[in-house]
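# Overview (structure and organization)
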Amino acid sequence: MTDASAEYEALARGEHSAGERGLVVFAVSTDDLSEGRGDVYVALGLAKELSHRGWGVALWPMSRWGDDMPEQTTVVIAMVESFVPGLVPTGAARIAWVRNWTSTWMDLPYLQAFDAVWASSTRSAAALAERYHGEVAVVPIATDTALFRPGTGEPTRSVVLTANHWGSGRDLDEVVPLLAQEFDVTWYGQGAETPGTAGADSGSPLRLGAVPFFELPAIYSDALVVLDDLIPQAKAYGSQNSRLFESIASGAVVVTNTADGLDDLGLGEVPSYRDGAELVSIVRGLAENRAETAALQQRLAGVVTNRHSFAVRADEVEPLLETAVARAAGRDRTDDFLLAWAARERWEAIAQATSSRINHEALQTSLWEAHDLRGRLEAAGSELDDQRAAVSGLESRLVEAETAVQSERQQLEAYRSSRLHRAADRAQAVVRRARAAARRLRRR
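Residues numbered from 1 in each chain as written. Predicted model: local features only at pLDDT ≥ 70, side-chain atom pairs only at ≥ 80, totals over all residues. Heavy atoms only, no water.

## Looking at the pairing of strand β5 (residues 116–119)
Two faces, one strand: in a regular strand the side chains alternate between the faces of the sheet. On β5, burial covers both faces: Ala116 and Trp118 on one face and Val117 and Ala119 on the other are all buried. Sheet topology note: the strand β4 (residues 93–98)/β5 ladder contains four bridges and is parallel. Among the inter-strand pairings, Val98 is bridged to a residue of β5, identified as Ala119. Looking at chain direction, β5 and strand β6 (residues 136–138) are connected through three bridges and run parallel. The residue of β6 that forms the bridge with Val117 is Val136. (Buried < 20%, exposed > 50% of the residue type's maximum accessible area, 1.4 Å probe, protein only. Helix = DSSP H or I, 4+ residues; strand = E, 2+ residues; numbered from the N terminus. Pairing = 2+ DSSP bridges.)

Here it is as structure tokens:
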């Protein structure tokens, strides 16, 4: 385990929950880092920097949403729209950080229950401001520049993408096959496990499946281009991904499927494409003009380092945290009991859905294991048949060998017998000649 991953694991376990400035709790989908959920790593990136500034920080995963949050909680930041802030301590500030799914957040019946709303893009903030009664702050996501850093050598891969498939199609599905006809394309991510062959000769990307978060810096730093892909819900509001900042910080040039929101981030020079032909043209230009590409990368990296590290973001949100705490102190608590009831109802729904999902996954796993066992049994039976055929063939060869040996033995015995008979005949002839000679001598 690297030092970076060890620190993140410690944060996820709640080992940095004590702080003289108060406790900031992040309501997230999970505290299991192996699940690769983006909300968790964004939360931990900011939590890490807040902990360095004297705040206690902790995760509050979905599995605990039915529990009362610790009384010492100063601020809770909801990282996903399904969290209902009804079991939060009375005086704790409630903040909604809308990184994605803006339309869903806008329609929440409890949106006004938050003491502050943060949006990751200007367009998202404007849309939320039409529904939320308070001020909406623009707080883009960021990157851990201590973790995501440039490599020391030249990149060995032309194009890399790290996009997950969560059951729906993506723009990448349309453009990657065209890009892979000319460049080697390597695709990492959930749902990208199907093996392939990379390179212009294959016309398909090399699909390597999901990788741990802490392997991403090395993957990005080894790529000339990282291909980004905003899902429709993010694209509609120009809500850029963590991948944008992480890849640039690692030394790659990002090409993304929308320019919306880039100017507001100071990253208007990031190339964007509208279709496969335009994407191929952009990547070709970046590959053929390496000096210009390197200069572009340096400019983009400077913007990310100066404006979009989690260290910078922590400095920006600290005043917002204090403002939210002050607003929470004067909040009308008339409807708190209804919010608590809604939170428990939501938890019951999540628990039932989780149980159904677990049962479904267990069934799917059992079916897969049965299918796998049948395949292995069939393979073993086929192998056993092959072994039996081999043994039978060996037995036949042994019988043939024994027959051949017996024949050779008989031939040898016949030969020996023939030689003995001839030798005996010669001996008898010699004896006869000797006796005849002896008789002649006696007559003389």
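Alright, that's what it looks like, and here's the rest.
## Quick word on the pairing of strand β8 (residues 185–188)
Residues Val185 and Trp187 of β8 are buried on one face, and the alternating residues Thr186 and Tyr188, pointing to the opposite face, are buried as well. Relative to β8, strand β7 (residues 157–162) runs parallel, the two sharing four bridges. Within β8, the position partnered with Leu161 by the bridge is Trp187.

## So, the packing of aromatic side chains
Applying the stated criterion across every chain yields a total of twelve aromatic pairs. When the ring of Tyr8 is compared with that of Phe214, the centres are 5.3 Å apart and the planes differ by 80°; the resulting orientation is edge-to-face. Taken together, the positions of Tyr8 in helix α1 (residues 3–12) and Phe214 in the loop between β9 (206–209) and α6 (216–221) put the pair 206 residues apart, joining distant regions of the chain. A connected cluster of aromatic rings, assembled from ring pairs, spans Tyr8, Tyr41, Phe148, Phe213, Phe214 and Tyr220. (Phe/Tyr/Trp six-rings, centres within 6.5 Å; stacked < 30°, edge-to-face > 60°.)

## Observations regarding the sheet that holds strand β11 (residues 253–255)
Read from one edge of the open sheet, five strands run β9-β8-β7-β10-β11, paired in parallel fashion. Sheet topology places β9 and β11 at the edges, where each strand pairs with a single neighbour. The average angle at which neighbouring strand axes cross in this sheet is 25°, direction not considered. Strands in contact with helix α8 (residues 242–249) are β7, β10 (223–227) and β11; relative to β11, the strand with the most contacts, it is inclined by about 150°. (Axes fitted to C-alpha atoms, helices over the stretch in contact; angles between N-to-C directions. Contact = heavy atoms within 4.5 Å.)

So yeah, pure geometry; function would need other evidence.
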